[in-house]
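Residue-level structural notes
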Amino acid sequence: MTDSKYFTTTKKGEIFELKAELNSDKKEKKKEAVKKVIASMTVGKDVSALFPDVVNCMQTDNLELKKLVYLYLMNYAKSQPDMAIMAVNTFVKDCEDPNPLIRALAVRTMGCIRVDKITEYLCEPLRKCLKDEDPYVRKTAAVCVAKLHDINAQLVEDQGFLDTLKDLISDSNPMVVANAVAALSEIAESHPSSNLLDLNPQSINKLLTALNECTEWGQIFILDCLANYMPKDDREAQSICERVTPRLSHANSAVVLSAVKVLMKFMEMLSKDLDYYGTLLKKLAPPLVTLLSAEPELQYVALRNINLIVQKRPEILKHEMKVFFVKYNDPIYVKLEKLDIMIRLASQANIAQVLAELKEYATEVDVDFVRKAVRAIGRCAIKVEQSAERCVSTLLDLIQTKVNYVVQEAIVVIKDIFRKYPNKYESVIATLCENLDSLDEPEARAAMIWIVGEYAERIDNADELLESFLEGFHDESTQVQLQLLTAIVKLFLKKPTETQELVQQVLSLATQDSDNPDLRDRGYIYWRLLSTDPVAAKEVVLAEKPLISEETDLIEPTLLDELICYIGTLASVYHKPPSAFVEGSRGVVHKSLPPRTGSSESAESPEAAPSAGQAAEQPAVIPAQGDLLGDLLNLDLGPPVSGPPLAASSVQMGAVDLLGGGLDSLLRSDVGGSPAMGGGGGFAAPGPAVPASMGAPLGSGLGDLFDLTGGVGTLSGSYVAPKSVWLPAMKAKGLEISGTFSRQVGSISMDLVLTNKALQVMSDFAIQFNRNSFGLAPAAPLQVHAPLAPNQSVEISLPLNTVGSVMKMDPLNNLQVAVKNNIDVFYFSTLYPLHILFVEDGKMERQMFLATWKDIPNENEAQFQIKDCSLSADAVSSKLQGSNIFTIAKRNVEGQDMLYQSLKLTNGIWVLAELRIQPSNPTFTLSLKCRAPEVSQHVYQAYDTILKN
């Protein structure tokens, strides 16, 4: 009698009876009782109360009974961890048993008990089993390491099991090798960064040797591992391919697909001129064809993989079109996949055959299949130009059948044929128009409307046809409404006199009576175009259209390369990378094919920060500054918080470190200068006229007359650059921002002009700065007192302080700004001239100057040339003093004037300068010394700008 009897008895008091039977002295009775327990457990009864009694039955030589008890243990160990510990001794003993089957069974079961308390006892037996003389035990132990790693990864690493696993790759038994590879692959997947499977030509050779002799699942593990290896050159790739090729004739389809994956990957490295490359292509076709004679589910998986292979290398299956012809008894999912591949393989050589088949399919009964077949005819026409005429006549024959869904699909594909071959097949339009009334699907109606609009000049009653659609305009789908709007505008541009009422009707329906924003926008654009410039409207709406390409549904090349690396897995069936459907980050590594032979991709590192000459090319958009754009996007655009006066702290900082700790201190402390010293600003985002390296061009003080903050003009005479456009209206939905920076009597301001070039009123302005090198931040909210009407400008002076958050930028004087209004938030970046950060108490004592100059190391000295400057030493001195660059001493050495100068930045960094002026030479030499040499370049630019303006 079979074991099914155990599942039929369900009487009360059973647990008590089983307990008695389990403790019986008779072996047979014990075995029967354990079978009953397992049966109850299987049907979902709780038999955990019998745990101690079942565990007692472990002490037996009977292998069958042992297996049953182990099965029970695996199930209940998690809920009874304290009880499970009782079984540990037996496990340890069984791992020493003379019978290898029992040793393997013990280690396998221990691996399946996921209880932390037990895992530590498992280490010793596992270590012995990994070195066991019997290969069956070793292969079981290898998989056990992967299970243990999943429970407690740290324990496995500490116990050195990973190294033992790596040694097993060199084992003499192929099954042990395969399991070791499987275990390492499993562990490597959960730890992508660890280089566990460190493959080299020697280990690859061992794997290839084992490949011939292990079981089919072992072969799959080894092949998948080979697919992750990167051969060092094409010769090694070829030798691996030669040894993997015999797997293509394996009976197991999973082995075949894994072998195909390895070959497809390594073929990338082979030159197409090699004889072997051609041979390999020929060898790949038969196994793929054989897969199509399996049962439908396997056929489907094979077809999804073949679809990828055909997109990557169509030449493999170009002569095998016939096997993709649909059989009458194929399930629909297989039929649709085969159709897809037929179109991919269609070429001039086989198109006649393909079209005959497709025409046959279009008369089938399965609606979905017929639709796809009709579409396929259209795709063939677009793909193989020579067949277009034949395809069109086939489609016309199908339209004559008057089967509704066939007619609709045919019209959709004929629209695409018109787009690919304009002015060639328009003779069929009359036939299409006859079927206008039968169209009820949005896509077919939209296609028909497009045809009528595009060829309105050839259709006498085009206006009547389009008017018939217009009657139920609001009931149509968006696709049809958009198409109808465009078609009527085209008709109006071709026949303006007869269709004026029609175009006005559709424009008012689209703009005034519709709540769809896409439709309204398109309606308003057409309305404006037609009312302002009909000639331009004609050029835009009736422009030459680009021809459509043949394959619109090809998988994007980088994704295709990744999917080729996943042939034979779920990713190849879904046609999505694993990251798209695997939950969490575990086990998802992006794979890609090896680089093609002969392509050397030079990966030059982008140059470091731009020099003065390159500064002109600074982009006006916000540069990628780590995740700075992210910072800006996360900013709360409320009114800025103005910092408390930090005069004391700035003095204290100056006292401790007269020359500033360089940029390090600037980045460590968020303490800026006191508000009295102000600080902040930027060059305009460079326009074409003025390169940023030149500083800003000449400006007058007129900008300061509009200063609303009550400043008393530029008393200190600090140079102010003219305003330039920082944010063009195109990039900010009609808001144009231009501006400049100024420093007056110790306070810094950003002088802005906001211009509304949009058609709607702007209000609710706010401004925010990103973290920057000198902590520049708005000291007050951005106040625009009245809403900004279209074509109106407003001038604002925004006071700034230097108590904002600090972060080193590249370039140093880069300022990233976010401006919000009632329309959106806009971002731009600009460069501020450093001289707005030069503070008024920047004059150093002579003795201090000498001591400091000597103290700063010589490698921190930078030399620059200021060209085309014809000022005298006194004029230079007074001009620079206006911008807080102070002359400490002046000497004349061998006819040259030497000016020794100092300046101090808002964050307490001192810069010392020596300026040499020769009376007859318009080129000055500037030497700068500073503890933070990064600022020297920008200080030089400030000198250059101030002296030349």
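As shown above, the structure is provided for reference.
Each residue is numbered by its place in its chain's sequence as written, counting from 1. Where totals are concerned, whole chains, interfaces and linings use all residues; where local detail is concerned, this predicted model gives features only for residues with pLDDT of at least 70, and gives and counts side-chain atom pairs only at 80 or more. Excluded from the side-chain calculations are hydrogens and water; all other atoms, namely the structure's heavy atoms, are used.

1. Description of the overall build of the protein
- For the protein, the count of helices and strands is 39 helices and 13 strands.
- Buried, partly exposed and exposed residues are distinguished by accessible area as a fraction of the type maximum, computed with a 1.4 Å probe on protein chains only: under 20%, between the cut-offs, and over 50%, respectively. Within the span of the protein, comprising 949 residues, buried residues form 51% of the whole.
- Here a residue-residue contact requires only that any non-hydrogen atoms of the pair lie within 4.5 Å. Considering only residue pairs separated by 6 or more positions, the protein has 69% of its internal contacts joining residues 24 or more positions apart. Starting at the N terminus, helices and strands are each numbered in turn, a helix being any DSSP run of H or I of at least four residues and a strand any DSSP run of E of at least two.

2. Overview of the packing of aromatic side chains
- Geometry of aromatic contacts follows a simple scheme: Phe, Tyr and Trp rings, the Trp one being its six-membered ring, pair when their centres are within 6.5 Å, and the pair is stacked under 30 degrees between planes, edge-to-face over 60, tilted otherwise. In total, this model carries 12 aromatic pairs according to the counting rule given.
- Feature note: the residues Trp726, Phe741, Phe828 and Tyr832 constitute an aromatic cluster, connected by ring pairs.
- Two limits define a charge over a ring: the Lys NZ or Arg CZ must be within 6 Å of the ring centre, and within 35 degrees of the ring normal. The ring of phenylalanine 369 has lysine 335 sitting right over it, with the charged end atom 5.1 Å from the ring centre.

3. Comments concerning the sheet that holds strand S7 (residues 814-820)
- Any two strands are treated as partners once DSSP identifies two or more bridges connecting them. The three strands are arranged S4-S7-S8 in an open sheet whose pairing can be described as antiparallel. The open sheet terminates on both sides in strands that have one partner only, identified here as strand S4 (766-769) and strand S8 (825-831). Taken pair by pair, the neighbouring strands of this sheet meet at an average axis angle of 25 degrees, ignoring direction.
- Looking at chain direction, S4 and S7 are connected through four bridges and run antiparallel. Within S7, the residue paired with alanine 766 across the bridge is lysine 820. Note on geometry: axes are lines fitted to C-alpha atoms, helical ones only across the stretch in contact, with angles between N-to-C directions running from 0 to 180 degrees.

4. Quick word on a negative patch on the surface
- Any residue with relative accessible area above 30% and no salt bridge may belong to a patch, with like charges joined within 9 Å and the nonpolar Val, Leu, Ile, Met, Phe, Trp and Tyr side chains within 5 Å. Where accessible areas are quoted, they stem from the Shrake-Rupley method and a 1.4 Å probe; at the residue level, only the protein chains shown are allowed to cover. For this document, the term salt bridge refers to a Lys or Arg side-chain nitrogen within 4 Å of an Asp or Glu carboxyl oxygen. Residues scored as charged are limited to Lys and Arg (positive) and Asp and Glu (negative), so that His and the chain ends carry no count. Working definition for charges: the position is that of NZ of Lys, CZ of Arg, CG of Asp or CD of Glu. On the surface, Glu464, Glu467, Glu471 and Glu501 cluster together into a patch of negative charge.
- Counting through the fold element by element, glutamate 471 comes out in the loop between helix H26 (462-470) and helix H27 (478-494).

5. Describing the sheet that holds strand S6 (residues 793-801)
- Across the sheet, which stays open at both edges, the five strands sit in the order S1-S2-S3-S6-S5 with antiparallel pairing between neighbours. Only two strands of the sheet have a single neighbouring strand rather than two, namely strand S1 (724-727) and strand S5 (777-778).
- The pairing of S1 with strand S2 (residues 735-744) spans three bridges and is antiparallel. Residue pairing for S2: valine 725 is matched across the bridge by serine 738.

6. Looking at the packing of helix H8 (residues 116-130) against helix H9 (residues 135-151)
- It is at 10 Å that the axes of H8 and H9 come closest, and there the two elements cross at 150 degrees. Overall, the two elements H8 and H9 adopt an arrangement that is roughly antiparallel. The handedness of the crossing between H8 and H9 comes out as left-handed. Counted together, Asp116, Thr119, Leu122, Leu126, Cys129 and Leu130 of H8 and Val137, Arg138, Ala141, Ala142, Cys144, Val145, Leu148 and Ile151 of H9 form the full contact between these two elements.
- Among the residues making up the contact of H8 with H9, the classes are represented as 11 nonpolar, one polar and two charged. What sets the label is the angle itself: under 35 degrees gives roughly parallel, over 145 gives roughly antiparallel, 65 to 115 gives roughly perpendicular, and the rest give oblique. Helix crossings get a hand from a simple test, with the near helix turned counterclockwise from the far one by less than a right angle marking a left-handed crossing and a clockwise turn marking a right-handed one. Under this grouping Gly is polar, as are all residues other than the nonpolar Ala, Val, Leu, Ile, Met, Phe, Trp, Tyr, Cys and Pro and the charged Asp, Glu, Lys and Arg.

7. Describing helix H11 (residues 161-168)
- For H11, the full list of buried residues reads Phe161, Leu162, Thr164, Leu165 and Leu168. Seen along its axis, H11 keeps its buried residues to an arc of 160 degrees; they face one direction.
- Residues of H11 that are buried make contact with H8, H9, helix H10 (153-158) and helix H12 (174-190). This arc corresponds to the set of directions leading from the helix axis out to the C-beta atoms.

8. A word on helix H22 (residues 388-400)
- The end-to-end C-alpha distance of H22 is 19 Å, a good match for the 18 Å that 13 residues give at a rise of 1.5 Å each.
- Taken together, the buried positions of H22 are Ala388, Cys391, Val392, Thr394, Leu395, Leu396, Leu398 and Ile399.
- Here the buried face of H22 lies against helix H20 (351-361), helix H21 (367-383), helix H23 (404-420) and helix H24 (429-434).
- Of the residues flanking the end of H22, it is lysine 402, one or two places downstream, whose phi is positive at about 60 degrees. The span one expects for a helix is its residue count, reduced by one, times 1.5 Å.

9. Examining the nonpolar core
- Membership of the largest hydrophobic core comes to 212 residues, with the highest contact counts inside it found for Tyr72, Val244 and Phe418.
- Among the buried residues, those of types Ala, Val, Leu, Ile, Met, Phe, Trp, Tyr and Cys that are joined through side-chain atoms within 4.5 Å form a nonpolar core. By size, the runner-up hydrophobic cluster in this structure holds 64 residues, among which are Val817, Val819, Val876 and Leu905.

10. Comments concerning the packing of helix H2 (residues 27-42) against helix H4 (residues 63-76)
- Their axes nearest at 10 Å, the elements H2 and H4 cross at an angle of 35 degrees. By crossing handedness, the relation of H2 to H4 is classed as left-handed. Counted together, Lys31, Val34, Lys35, Val37, Ile38 and Met41 of H2 and Glu64, Leu65, Leu68, Val69, Leu71, Tyr72, Asn75 and Tyr76 of H4 form the full contact between these two elements.
- Its residues assigned to classes, the contact of H2 with H4 comprises 10 nonpolar, one polar and three charged.

11. Things to note about the side chain of glutamate 426
- The topology assignment puts glutamate 426 in the loop between H23 and H24.
- Glutamate 426 sits in the buried class, given a relative accessible area of 8%.
- A distance of 2.7 Å separates a polar side-chain atom of glutamate 426 from the backbone nitrogen of lysine 424.
- Residues in contact with glutamate 426, not counting those within four places in the same chain, are Phe418, Tyr421, Tyr455 and Arg458. Polar contact is the term for a pair of N or O atoms within 3.5 Å; when the atoms are in protein, one must be able to donate a hydrogen and the other to accept it, and sequence-neighboring residues count only if both atoms are side-chain atoms.

12. Remarks on the pattern of salt bridges
- Applying the stated criterion across every chain, the model contains 40 salt bridges.
- The partner of aspartate 132 in a salt bridge is arginine 103, and the shortest N-O contact between them spans 2.8 Å. Within this pair, whereas aspartate 132 is found in the loop between H8 and H9, its partner arginine 103 is found in helix H7 (residues 100-112), the two being separated by 29 residues in sequence.
- Notably, a salt bridge pairs arginine 375 with glutamate 443, separated by 2.9 Å at the nearest N-O pair. Highlighted residues: arginine 375 in helix H21 and glutamate 443 in helix H25 (residues 442-454), separated in sequence by 68 residues.

13. What to know about the state of the cysteines
- Throughout, a disulfide means two cysteine sulfur atoms within 2.5 Å of one another. Scanning all chains against the criterion turns up zero disulfides.
- There is no disulfide at cysteine 144, and the cysteine sulfur nearest it, in cysteine 112, is 7.6 Å away.

14. Examining unusual backbone geometry
- The amide bond that connects aspartate 810 to the next residue, proline 811, takes the cis arrangement and shows omega of -5 degrees.
- With respect to the helices, strands and loops of the structure, proline 811 is situated in the loop between S6 and S7.
- For valine 745, which is not glycine, the phi torsion reads 45 degrees and is therefore positive.
- Take valine 745: it is sitting in the loop between S2 and strand S3 (747-756).
- Although it is not a glycine, asparagine 884 sits at a positive phi angle of roughly 65 degrees.
- Take asparagine 884: it is sitting in the loop between helix H38 (873-882) and strand S10 (886-893).
- Look at asparagine 884 and you get buried, because its relative accessible area is 5%.

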